Structures are given as C-alpha cells and as structure tokens.
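Listed below, chain by chain, are the residues.
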Amino acid sequence: MHPTIIIAEAGVNHNGSMELAKKLIDVAATAKADYVKFQTFQTGMVVTKSAQKADYQQINTYNDTSQYEMLKKLQLTTAQHFELIKYCNTCGIKFLSTAFDLDSIDFLASLHLGLWKIPSGEITNYPYLKRIAREKQPVILSTGMSTMEEIMGAVNILVEYGTDKQQITLLHCNTQYPTPMQDVNLRAMDTIAKETGLKIGYSDHTLGIEVPIAAAALGAMVIEKHFTLDRNLEGPDHKASIEPDELKAMIAAIRNVEKALGSYEKTVTLSEKENIPIARKSIVASKCIAKGETFSEYNLTVKRPGNGISPMKWNDLLGRCAVRDFEEDELIVL
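Residues numbered from 1 in each chain as written. Predicted model: local features only at pLDDT ≥ 70, side-chain atom pairs only at ≥ 80, totals over all residues. Heavy atoms only, no water.

1. Things to note about the overall build of the chain
Stated formally: Only DSSP runs of H or I covering at least 4 residues are called helices, and only runs of E covering at least 2 are called strands; the numbering of each starts at the N terminus. We call a residue buried when its accessible area falls under 20% of the maximum for its residue type, exposed when it is over 50%, and partly exposed in between, using a 1.4 Å probe and counting protein chains only. Only heavy atoms enter the contact rule, under which two residues are in contact if any of them lie within 4.5 Å. Under the convention used here, a 1.4 Å probe and the Shrake-Rupley method define accessible areas, while residue burial counts only the protein chains that appear. The charged-residue count follows a simple rule in which Lys and Arg add positive charge and Asp and Glu add negative charge, with His and chain termini not counted at all. Throughout, a charge is located at the NZ atom of Lys, the CZ atom of Arg, the CG atom of Asp or the CD atom of Glu.
Counting secondary structure elements, the chain contains 14 helices and 10 strands. Taking the principal axes of the C-alpha coordinates as reference, the chain spans close to 100 × 40 × 40 Å. Burial status across the chain gives 44% buried among its 334 residues. Of the contacts formed within the chain by residues at least 6 apart in sequence, a portion of 66% connects residues at least 24 apart. Total accessible area on the chain stands at roughly 17,000 Å², and carbon and sulfur atoms take up 52% of it. Here the chain contributes 36 positively and 41 negatively charged side chains, and the mean placements of these two sets differ by 4 Å.

2. A few points about the environment of Asp 183
Structurally, the position occupied by Asp 183 is in the loop between β6 (168-173) and α9 (188-196). Residue Asp 183 is classed as partly exposed on the basis of its relative accessible area, which comes to 40%. The spatial distance from the C-alpha of Asp 183 to the C-alpha of Leu 129 is 27 Å, given a sequence separation of 54 residues.

3. Some words on the sheet that holds strand β3 (residues 94-99)
As a reminder of what qualifies: Strand pairing is assigned whenever DSSP identifies at least 2 bridges connecting the two strands. Axis definition: a line fitted to C-alpha atoms, over the contacting stretch in the case of helices. Angles run 0 to 180 degrees between N-to-C directions.
Spatial strand order, β3-β2-β1-β8-β7-β6-β5-β4: 8 strands in an open sheet with parallel pairing. The sheet is open, and its two edges are formed by β3 and β4 (116-118), each paired on a single side. Direction aside, neighbouring strands of the sheet carry axes that sit 25° apart on average. Here strand β1 (residues 5-11) pairs with strand β8 (residues 222-226) via 5 bridges, running parallel.

4. Considering the packing of aromatic side chains
Let me state the cut-off plainly: Side-chain rings of Phe, Tyr and Trp, where Trp is taken by its six-membered ring, are said to pair if the distance between their centres is within 6.5 Å; with planes under 30 degrees apart they count as stacked, over 60 as edge-to-face, and otherwise as tilted.
For the coordinates displayed, the defined rule picks out 5 aromatic pairs. Ring plane angle 20° and centroid distance 5.9 Å describe the contact between Phe 38 and Phe 95, whose orientation is recorded as stacked. Taken together, the residues span a long stretch of sequence, with Phe 38 in strand β2 (residues 35-40) and Phe 95 in strand β3 at a distance of 57 residues. Taking relative accessible area as the criterion, Phe 38 reaches 0% and is therefore assigned buried. With a centroid separation of 6.3 Å and 85° between ring planes, the pair formed by Phe 41 and Phe 100 is classed as edge-to-face. With Phe 41 in the loop between β2 and α2 (43-46) and Phe 100 in the loop between β3 and α6 (102-111), the pair connects residues that are 59 residues apart, well separated along the chain.

Have a look at this one:
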C-alpha cells in the first residue's frame, strides 16, 4: 500500500507576505507534509473587476469590496515563486501550486513541478483542462460542486488531450468554507472510485482534523488540507484552516492509520504471540487423577495458562487413560 500523499495547502494564507509564506513552509516541513501548496494566478485573468466575493470571503476580508481587490493583494510574483521554491528545497519539502488561468499554467509548466493540482472551480473549464492535459503529467483533480457527469466530462477531456487516465487522482471535496459535517459525505469517495476506476483522495474544508483522518482510513490516497499560522488573521481562508499543532497532529494520525490498516491477511502478529499462553487456556485436572484413570468431564476442566493441550482437543482426550498421576490444577500431558 502506497503512503498517503499529504498536501499542506498554504493557498493564499500568506496574505501577500513572503515572511508569512516562508513561515508556512516551515510549519508544513516540520509537520512532515509531502507538499506545501500555494496558488498561482493573474488576477485580471481570473475575475472581473466587479465580481462579488463569496459569503465566507465577505466575512473574513474587511477592506475589499470585490474578489478582484482581494485577490490582487494575494497574487504572487514570478520572483516570489522562485524564492519560495528555493526555500522549500532548503526545508526538504516539495513545492506545489495551483494555477487559476492559462498564463499561470504556462508559467508553472516552465517550473517543471511534475504534478498538476486542479481546483474544483476549474472542473468545467474546457480550455484550462485541455492546456493542462497537454503537459502529459500526473493530475490531481478536486471535484467539489460537481456531479458524476461533470467529473467524467473533465476526466474525458484530460485523457483526450494527453493525460494518462491512470495518472489522474480525483479528490472528493466540498467547497463550503468551513464545510458542515452533514455535507462531507465521505462515502461518496467510494462511489467516485467505483464509477471512474481512478485513484481517490479527499480535499478537506471542515474545521478540525478528524474528517481527513477518517478519509485516510477509508482509502484516500491523497489528503489536502488548508493550514494557517493563526486562524484569527484576516484573509479569506484562515478561519477554515487548521493551525500548526493541528497540522502536525493530523499528519501523525494519518501515518498511524496507514500502519494500522495493514494488509488484508488475518495473522497472529509478533507483538501478540507472547500473549497466547497467558490469555488462552489448557486442559487441566479438576481433581487428583490416578495413573490409568479414564479422563472424563468429571475430572477435567479448562484453565489458564495456554501452553498445554488446547481445549479444542477436549473430545480427543475424553475416554483416554492417564499415563501418570496428576494433581488438581496440573496441566494434562499425554
């Protein structure tokens, strides 16, 4: 079984500050995430100047009247991308970013990251999907706000234009920030996997860490989770993100879940073998038994320890003669 790929989603939680961005990288590396992911976009190519903010964005950003104003402050420059990649290399964590427009795809392609993360909002963006497919590299596609028909439509476009179908991983996702527990529907992961035949994962926007841990237990091969330095910071995604200690705890728990899942084989483990003679029972004399006396239900019983004749041999022992004298509570031997 392959280890779960864990993407620590920094997103735009750097608030436009390289200092914050590097601290986020530090946190992700310390927590032992596989990737720290940012967002790459040209604001004018993503939203119109009059596009309204989502309700959660409205609540969590106070000074911006539109998505355009909000995103403009969060846009990373080319130079900042190179700086962050260099910093990731020094910290021993892989850099990843999601493109939100065609020019940004071209830019990320020039960085040779080797992996594409497509957000839920682009699942119906034909030109976008077509452009990424032409890179012929592994794709992780979030499926929030989408139907199975839309998911299959996106997969078909990716495959038609060059993506190897078996290199596509679909992330079950709900795009509400934060996602209400009753809307998570983790069992949909199984449906998506069965209907598409593709690898499955989960992108989480709930509060807390229990849902992504549960997703890993259900077989998610990729887990993506937003994190922040402080949920009280101003910005669109901070409130629905986990803080450093939570990220570390989530990743540690997922790694433990991976170990606990084990294989499909039922075996006696090394750690429990020593408990067999302690916890199991053997056939013992319930009273003094003389040599030559016949073993019966009246002079035999079952007690610990379990290093004698197994009680499963009970019927084989009845009617046989004792080879020697046995004291009460003594293990029977033949």
